[in-house]
Amino acid sequence: MYSADVVICGAGILGLTIGRELVRAGYRDIIIFDKEDAPGRHASGRNSGVLHAGIYYDPGTMKAKMCLEGNRRMQAYCEERKLPLFKSGKVIVAREADELATLDELKRRAEANGATVEMLDQAGLAEIEPNARTVERALYSPLTAVVDPKAILAAMRDELEHSGRVRFFFDTRFLAPRLDSVRTTQGDIGYGLFINAAGAYSDKVAHSFGIAKNHRLLPFKGIYRKLKKPAADKIRGSIYPVPNIKNPFLGVHFTRSVHGDVYVGPTAIPAFGRENYGVLSGIDSEFAAILLRDLRMFMENEKFRAVALEEPRKYFFKHFFRDAERLVRHIAPGDFLSSPKVGIRPQLVDMETSQLVMDFMIERHGNTVHILNSISPAFTSSMYFAELVVREHIGKGRAS
């Protein structure tokens, strides 16, 4: 049987950043295992790469506390290691006059969270993002940046392997807990401390330990399209709509990547599998259970019902285009290309109340720690999030 002082289930961005913090805290023997063949094969490696800057989140929440500092640390990490980093900035535009009150609320939240933002008039918006369209005014976030998530994941894996304190076990699937060990497809792994950072499967792992029984993950599919030139050249950074702040989705938006491509998306389509990246691919034996959860949410949660009625239409290009064209002055259907880029947002739901969980969740149970609802801005927040997890829920290891 394998064993380590700390065993982490999940090699996404949180598994890796928690691993880094454990090394810094003095832990000498760490195993990180994952069912895939490399880190970040799912949400961590499929996200937009945008580093958010503390705008959307209600002051006092974990997201609000962690996002801005996480942004700063991730930008510094990229600069230190010469990884791709595009300090793009972002504008949030109002599509209708009745969104202006929410735009003002976003400014209030941003300032309460310590973020740097500026309210722009039409002329100010035209200077920063000439093709963006808004009603009356827009909110500008200069600290929003864009990174290459896969490059960051690869750099962190290399750093951890070279520390001499971390072993990676890939192609290793979690099966069940035992007494101070977990059963996996590669055999049992003993631990002094077990950390569940399993992302889209974190609820299932937690349930096997008797944790968070009333919580279930519902997958939402984010599909993207890509702009071709010369339309792509008209987008300088990121253009976002004013979101419905009662839901955790930010809406279809334009993002220039670190490599110069401009992506439009993502959607928030209810999916039928935790890896349902295609129309049918990724639908498995859990389909019926997920469908039942969706139906229950549809009947009991008005906000979910609105998403479920609107978002699936965006599989059809005319509806996707309709959303996108409201953000810019000049765009045409022929400017869009299809894209293989697609991700799954593993959104946690409290099944007792039929409410979407809006914040991160951390549950300590004996010698196990469970990271739940690791959704956006989890990638942005990850380096600071990991420090807080280790400091507040784990503590120092043995001296190095």
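Residues numbered from 1 in each chain as written. Predicted model: local features only at pLDDT ≥ 70, side-chain atom pairs only at ≥ 80, totals over all residues. Heavy atoms only, no water.

- The name given to the chain in an unreviewed UniProt entry is FAD dependent oxidoreductase, and the organism recorded there is Pseudodesulfovibrio aespoeensis.
- According to the UniProt record, the Cofactor (unreviewed entry) comment for the chain is "FAD".
- You can read under Sequence similarities (unreviewed entry) in the UniProt record for the chain the words "Belongs to the L2HGDH family." (UniProt positions renumbered as here; feature names shortened; annotations may be inferred.)

## Describing the overall build of the chain
Then step 1. What the chain contains, in helices and strands, is 11 helices and 21 strands.
Then step 2. Taking 400 residues into account, the globule formula puts the C-alpha radius of gyration at 21 Å, and the chain, at 21 Å, falls close to it.
Then step 3. In terms of its C-alpha atoms, the chain occupies a principal-axis envelope of roughly 65 × 45 × 35 Å.
Then step 4. A burial count over the chain gives 57% of its 400 residues as buried.
Then step 5. When contacts within the chain are restricted to residue pairs at least 6 apart in sequence, those whose partners lie at least 24 apart make up 74%.
Then step 6. As displayed, the chain has an accessible area near 16,600 Å², and 51% of this comes from carbon and sulfur atoms.
Then step 7. For the chain, the centre of its 56 positive side-chain charges and the centre of its 48 negative side-chain charges are spaced 2 Å apart. (Helix = DSSP H or I, 4+ residues; strand = E, 2+ residues; numbered from the N terminus. Rg over C-alpha atoms; globule rule 2.2 N^0.38 Å. Buried < 20%, exposed > 50% of the residue type's maximum accessible area, 1.4 Å probe, protein only. Contact = heavy atoms within 4.5 Å. Areas by Shrake-Rupley, 256 points an atom, 1.4 Å probe, with all protein chains shown as cover. Lys, Arg positive; Asp, Glu negative; His and termini not counted. Charge placed at Lys NZ, Arg CZ, Asp CG, Glu CD.)

## Focus: the side chain of Ser382
Then step 1. Residue placement: Ser382 occurs in helix H11 (residues 378-394).
Then step 2. On the basis of relative accessibility, which here comes to 0%, the residue Ser382 falls in the buried class.
Then step 3. Within the local environment of Ser382, its side chain forms a polar contact with the backbone oxygen of Phe379, the two atoms lying 2.9 Å apart.
Then step 4. Beyond its immediate chain neighbours, meaning those up to four positions away, Ser382 contacts Ile13, Leu14, Thr17 and Met74. (Polar contact = N/O pair within 3.5 Å; in protein donor to acceptor, adjacent residues only side chain to side chain.)

## Side note on the UniProt feature "domain: FAD dependent oxidoreductase" (unreviewed entry) in the chain
Then step 1. Mapped onto this numbering, the UniProt entry annotates "domain: FAD dependent oxidoreductase" (unreviewed entry) at residues 5-390.
Then step 2. Here residues 5-390 runs as 31% helix and 27% strand, with 14 Å between its end C-alpha atoms.

## Some remarks on helix H4 (residues 100-112)
Then step 1. Along its 13 residues, H4 runs 18 Å from first to last C-alpha, staying within 8% of the 18 Å computed at 1.5 Å per residue.
Then step 2. For H4, the full list of buried residues reads Leu100, Leu103, Leu106, Arg109 and Ala110.
Then step 3. Just downstream of H4, Gly114 is the residue with a positive phi angle, here 85°. (Expected span 1.5 Å × (residues − 1).)

## Some thoughts on unusual backbone geometry
Where the residue is not glycine, phi is negative for most of them; where a peptide bond is considered, it is trans in most cases.
Then step 1. Residue Lys229 is joined to Pro230 through a cis peptide bond whose omega torsion reads 0°.
Then step 2. Assignment of secondary structure puts Pro230 in the loop between strand E13 (215-227) and strand E14 (238-241).
Then step 3. Cis geometry marks the peptide bond from Gly265 to Pro266; its omega dihedral reads -5°.
Then step 4. Locating Pro266 in the fold gives a position in the loop between strand E16 (262-265) and strand E17 (269-270).

## Things to note about the environment of His259
Then step 1. Along the chain, His259 falls in the loop between strand E15 (253-256) and E16.
Then step 2. Relative accessible area serves as the criterion here: at 56%, His259 is assigned to the exposed category.

## A closer look at the side chain of Glu387
Then step 1. Relative to the helices and strands, Glu387 resides in helix H11.
Then step 2. Polar side-chain contacts of Glu387 include one of 2.4 Å to the side chain of Arg73.

## Let's talk about empty space enclosed by the protein
Then step 1. Applying the stated criterion to the full structure yields 1 cavity of 30 Å³ or more.
Then step 2. Together, Leu14, Phe360, Met361, Ile371, Leu372, Ser374, Ala378, Ser381 and Phe385 line the largest cavity.
Then step 3. Of all the elements in the fold, those that place two or more residues in the lining of the largest cavity are strand E21 (368-372) and H11.
Then step 4. Element by element, the count of residues in the lining of the largest cavity is highest for H11, at 3 residues.
Then step 5. By residue class, the composition of the lining of the largest cavity is 7 nonpolar, 2 polar and no charged. (1 Å grid on protein atoms, 1.4 Å probe; cavity = no way out; pocket = protein on both sides within 12 Å on 5 of 7 lines; lining within 4 Å. Points joined across faces, edges and corners; volume = space filled by probe spheres on them. Nonpolar A, V, L, I, M, F, W, Y, C, P; charged D, E, K, R; others polar.)

## Examining the layout of surface pockets
The gaps of empty space that remain are located by a probe, the size of a water molecule, rolled over the atoms.
Then step 1. In this model, the second largest pocket occupies a volume close to 370 Å³.
Then step 2. In terms of lining, the second largest pocket is formed by 19 residues, of which the most central are Gly45, Asn47, Pro149, Tyr263 and Lys341.
Then step 3. Breaking the lining of the second largest pocket down by element, the ones donating at least two residues are helix H2 (43-46), helix H6 (149-162) and strand E18 (336-350).
Then step 4. Tallied by class, the residues present in the lining of the second largest pocket amount to 7 nonpolar, 7 polar and 5 charged.

## Focus: the packing of aromatic side chains
Then step 1. Throughout the structure, instances matching the rule amount to 16 aromatic pairs.
Then step 2. Between the aromatic rings of Phe220 and Phe304, the centroid separation amounts to 6.0 Å while the plane-to-plane angle is 70°, which identifies the pairing as edge-to-face. Separated by 84 residues along the polypeptide, Phe220 in strand E13 and Phe304 in helix H9 (residues 302-310) bring together distant segments of the chain.
Then step 3. Their ring planes at 85° and their centres at 6.4 Å tell us that Tyr224 and Tyr263 sit as a pair that is edge-to-face. A residue pair is termed long-range when its members are at least 10 positions apart, and Tyr224 in strand E13 and Tyr263 in strand E16 qualify at 39 residues. One exposure class covers both Tyr224 and Tyr263, and it is buried.
Then step 4. Ring pairs connect the aromatic residues Phe174, Tyr191, Phe194 and Phe209, which therefore count as one cluster.
Then step 5. Above the plane of the ring of Phe320 lies Arg225, whose end atom (NZ or CZ) is 5.2 Å from the centre. (Phe/Tyr/Trp six-rings, centres within 6.5 Å; stacked < 30°, edge-to-face > 60°. Lys NZ or Arg CZ within 6 Å of the ring centre and 35° of its normal.)

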